[in-house]
Amino acid sequence: MDRIPILRMGDTLLVTIQVDMQDQTALALQDDLANRIAKTGASGVMIDISALEIVDSFVGRMLTSISGIARILSATTVVVGMQPAVAITLVELGLSLEGVRTALNVERGMELLRRAREEQSLGH
Amino acid sequence: MKSENQAIHTVLGADDASILEPWLDEAGAQDAGARRTMQAEATELLRLLRAAVAEGGDPTRLDGPAWAPVQDGLQTLSHARAARGQSAGDTSVFVLALKKPLFQLLQQQMPGDPAALSSALWSVTALVDKLAQRTVTTFQHAREEIIRRQQEELLELSTPVIKLWEGVLAVPMIGVLDSNRTQIVMEALLQKIVDTESGLAIIDITGVPTVDTLVAQHLLKTVSAIRLMGADCIISGIRPQIAQTIVHLGIDLQGINTKATLADALALALTKTGWRITRSPV
Amino acid sequence: MATEPSGTLPIASEQHIVATRQTVRLLCQELKLSLVDQTKMITAASELSRNTLIHGGGGWMRWETLEANGRRGLRLHFEDEGPGIPDLKLALTDGWTSGSGMGLGLPGSKRLVNEFNVDSAPGEGTRVSITKWK
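Cut-offs and rules
As a convention, each chain's residues are numbered from 1 in the sequence order in which they are written. As they are written, the chains are lettered A onward and the ligands numbered 1 onward, keeping that order. Local features in a predicted model are, by the rule used here, given only for residues with pLDDT of at least 70; side-chain atom pairs are given and counted only at 80 or more, and totals for whole chains, interfaces and linings are based on all residues. Contact definition: two residues whose C-beta atoms, as placed from backbone geometry, lie within 7 Å. Every helix listed is a DSSP run of H or I at least four residues long, and every strand listed is a run of E at least two residues long, numbered separately from the N terminus. Any residue outside Ala, Val, Leu, Ile, Met, Phe, Trp, Tyr, Cys, Pro, Asp, Glu, Lys and Arg is labelled polar, Gly included; the first ten of those are nonpolar and the last four are charged. By the convention used here, strands pair only if DSSP detects at least 2 bridges between them. What counts as an axis is a line fitted to C-alpha atoms, over the stretch in contact for a helix, and the angles between N-to-C directions run from 0 to 180 degrees. By the definition adopted for this analysis, an angle is roughly parallel if under 35 degrees, roughly antiparallel if over 145, roughly perpendicular if from 65 to 115, and oblique otherwise. The crossing is said to be left-handed when, going from far helix to near helix, the turn is anticlockwise and less than a right angle, and right-handed when the turn is clockwise. As a rule, residues whose C-beta atom has 12 or fewer other C-beta atoms within 10 Å are exposed, those with 20 or more are buried, and those in between are partly exposed; C-beta atoms are placed from the backbone. Crossover handedness is defined here as right-handed if the route from the first strand over the helix to the second strand goes clockwise, with the strands pointing away from the viewer. Given the number of residues in a helix, its expected span is that number minus one, multiplied by 1.5 Å. Throughout, the arc means that of the directions going from the helix axis to the C-beta atoms.

What follows is about the interface of chain C and chain A. Facing the 24 residues of chain C at the interface are 20 residues of chain A. Ranked by residues supplied to the side of chain C that touches chain A, first place goes to helix α2 (residues 35-54) of chain C with 9 residues. Here the residues of the side of chain C that touches chain A are counted per class, giving 7 nonpolar, 11 polar and 6 charged.

See the structure below:
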C-alpha cells in the first residue's frame, strides 16, 4: 500500500494526491495528517487534488474528515485544484463537502491559509 | 454457396459498365456533377458488395461479419447525403435503382429457367431492399445527430462566457434554463474559471423568463460547483417579479450574493476582488 | 483487455475497486465519452463497486458495450449474493445533500447515469445496472 507523503513548509503541511488511491490509502492519509498536525502544531493543511480525475464519496468524506479533524487541532484545511468535471460530478452526486474550504490553485490556497492564520492570531 | 447466392455472385461479377450505367440512369441524376458524385458512390458500393459476397456473406442476413464493410459503406453514404441536405427518399431511390441492372443481367444469364430466374430475382430484390432499409435508418440517425449538434452549438453560442475584468467572469443566460443548458453553462464556465484563474463569476439571469423551483435548482447546482472549485458567484439580473417568486416559493438561495443589475454585480465583484475605483475630473 | 465487447471483473478487495475504476475509464475512453460523462460514469462505478464489496460481501462487475438506434453505450452490472437491500424504496429516496456516509448513495449514482436499475431483496442478493449512452 502506498502512503501519500506529507511535506512541511513552515506552518503549513502540504499533500499532493496524484494516484488513484485505494480506500486504505485514504484512511492512512487521514491518520498521518492528524498525527503530523498534532506533532508539528501546523496551522494550515493544503491538499492539492489537481491531479485527481475522480473524487467519489469515499474521498469526499475523507476530505471532510480531515477538515474537521484539523479544525479541532486548530488548523485550517484548504483543498485546491479541483477539476471542473470533478466539481460537476460531486454536485450531481449531492456531495457538498460541507466545511471544506477550497481554492482554485496553490497560490490562492496559501493566501487563504495566511488570512486564516492572521484571523486566528487576532482572535486569541 | 447456395444457388441464389451463386446467382447474386455471378450477376455482381458482370463488368462494371453493364451494372453502373443502367444503375445511374435509373437513379436519375439531376446534372453532370450530381451524376459524377453518384458514380463514385455506386462504384464504391458495388466494390463493397462484391467483396462481401466473395467473403461468403449470406445475402439473407446483413448482420454477418462479411457484411460489416457494406454496412459501414451504407452508413457513410447516408451521412454524406444527409450532410448534403438530401432526403431519405432520394437515398433509398438511389440504392433501389440497383435492382434494374441486376434484374436485366439475371434475365440475360438465365433465359431458359423461369423457376431459377424467379428465385434469383427474389434473392436480389430481398438483398437490395435490405440495403435500402439500412440507408434509410442510418440516414435518420445521421440527420438527428446533425440537428442535435447544431442545437448544441447554438446553445453554446447563446451562453458565452465573458471576461469582465481581471478575475471576474460573466455569463449572460438567455432563454429557458433547463438541465441541458445548465450542463453546457457549467462546463464552459468552470473551464474558463480554471483557464483564467478567475475568482468570481457573475451569472446574469435578466434573459431568463421565469424562475421556478426547477430553474432555481439548476442555478444552485451551478453555484455549488463554482464554490466547490474555490471560486465565488454572484447572481444578477433579478427582476422584482423574480425576487417575489423566489420568496413566494420559499427557495433558499443559500447565502448567494444577488444583485438586481449586472452593473451592481460588477461593482460588488470588484470590491470583493480588492479593486478600488476612483474618479478624477476629465 | 478492455477492448472486448463484454467481460467480468471480480470485486472482492479494495484493489478491485481501483481496478474497476481503471477498467471503466478504458471502456469510457473507447466509447469516446466526453470528459464530464466519463468522470460521472467512473465515479458511479466506484460508488457501486464499493457497495458490492462492503454491503454485498463481495461480488463482481459485468460490463457490456451496447448499440441501439445508431447510438453506442456502456452498461455495467454490479452483482453480489449478499444480504440484499432491506428497504429498497428508502434506499432510492432522493435526499439531495447526503454524503453523511450513511446509506448506499444510490440516488446520487442514479443522477450520474442515463439508465439505472436495481433489483434486490433481503436474502436475494443485489444487482445494480447502470448505462451511459454516447
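Next comes the rest of the description.
Residue and element names in this part refer to chain C. Across the sheet, 5 strands lie side by side as β1-β2-β3-β5-β4; this open sheet has antiparallel pairing. Taken across any chain shown, the strands that pair with only one partner, and hence form the sheet edges, are β1 (6-11) and β4 (115-120). Across the sheet, the axes of successive neighbouring strands diverge by a mean angle of 15°, strand direction being ignored. Where β4 lies against strand β5 (residues 126-133), 6 bridges are found, and the strand directions are antiparallel. Counterpart to Glu115 in the pairing with β5 is Thr131.

Turning our eyes to something else, we now look at the interface of chain A and chain B. With 14 residues of chain A at the contact, the number on the chain B side is 14 residues. Broken down by secondary-structure element, the contributors of at least two residues to the side of chain A that touches chain B are α3 (84-93) and β5 (101-103) of chain A. For the side of chain A that touches chain B, the per-class residue count stands at 10 nonpolar, 3 polar and 1 charged.

Turning to the packing of α3 of chain A against helix α8 (residues 179-196) of chain B, a few remarks are in order. Look at α3 of chain A against α8 of chain B: their axes get within 9 Å of each other, and the N-to-C directions meet at 135°. Comparing their axes, α8 of chain B and α3 of chain A come out oblique. In terms of crossing hand, the pair formed by α3 of chain A and α8 of chain B is right-handed. Within the contact between the two elements, α3 of chain A uses Pro84, Ala87 and Ile88 of chain A and α8 of chain B uses Met186, Glu187, Leu190, Gln191 and Val194 of chain B. In the contact of α3 of chain A with α8 of chain B, the residues fall into 6 nonpolar, 1 polar and 1 charged.

A few words on the pairing of strand β4 (residues 76-80) of chain A. Along any regular strand the residues' side chains alternate between the sheet's two faces. Residues and elements named next belong to chain A. Counting buried residues along β4, 5 of its 5 residues qualify, which places the element largely inside the surrounding structure. Of the two faces of β4, the one carrying Thr76, Val78 and Val80 and the one carrying Thr77 and Val79 are both buried. The sheet contact formed by strand β3 (residues 44-48) and β4 spans 5 bridges and is parallel. The residue bridging Asp48 from the neighbouring strand is Val80, located in β4. Following the chain from β3 across helix α2 (residues 57-72) to the adjacent parallel β4, one finds a crossover that is right-handed. When β4 meets β5, the two strands line up parallel, connected through 3 bridges. Looking across to β5, one finds that Val80 is bridged to Ala103. In this view, the connection linking β4 to its parallel neighbour β5 by way of α3 has right-handed handedness.

For the rest of this paragraph, the subject is helix α2 (residues 16-27) of chain B. Each α-helix winds once per 3.6 residues, and so residues spaced three or four apart point in a common direction. All names here are of chain B. For α2, which comprises 12 residues, the first-to-last C-alpha distance of 16 Å matches the rise-based estimate of 16 Å (1.5 Å per residue) to within 8%. Of the residues making up α2, those classed as buried are Ile19, Trp23, Leu24 and Ala27. Relative to the axis of α2, the buried residues are bounded by an arc of 110° and lie together on one face. Looking at the buried residues of α2, the elements they touch are α3 (32-54), α5 (88-96) and α6 (99-109). Positioned one or two residues after α2, Gly28 has a phi angle of 70°, which is positive.

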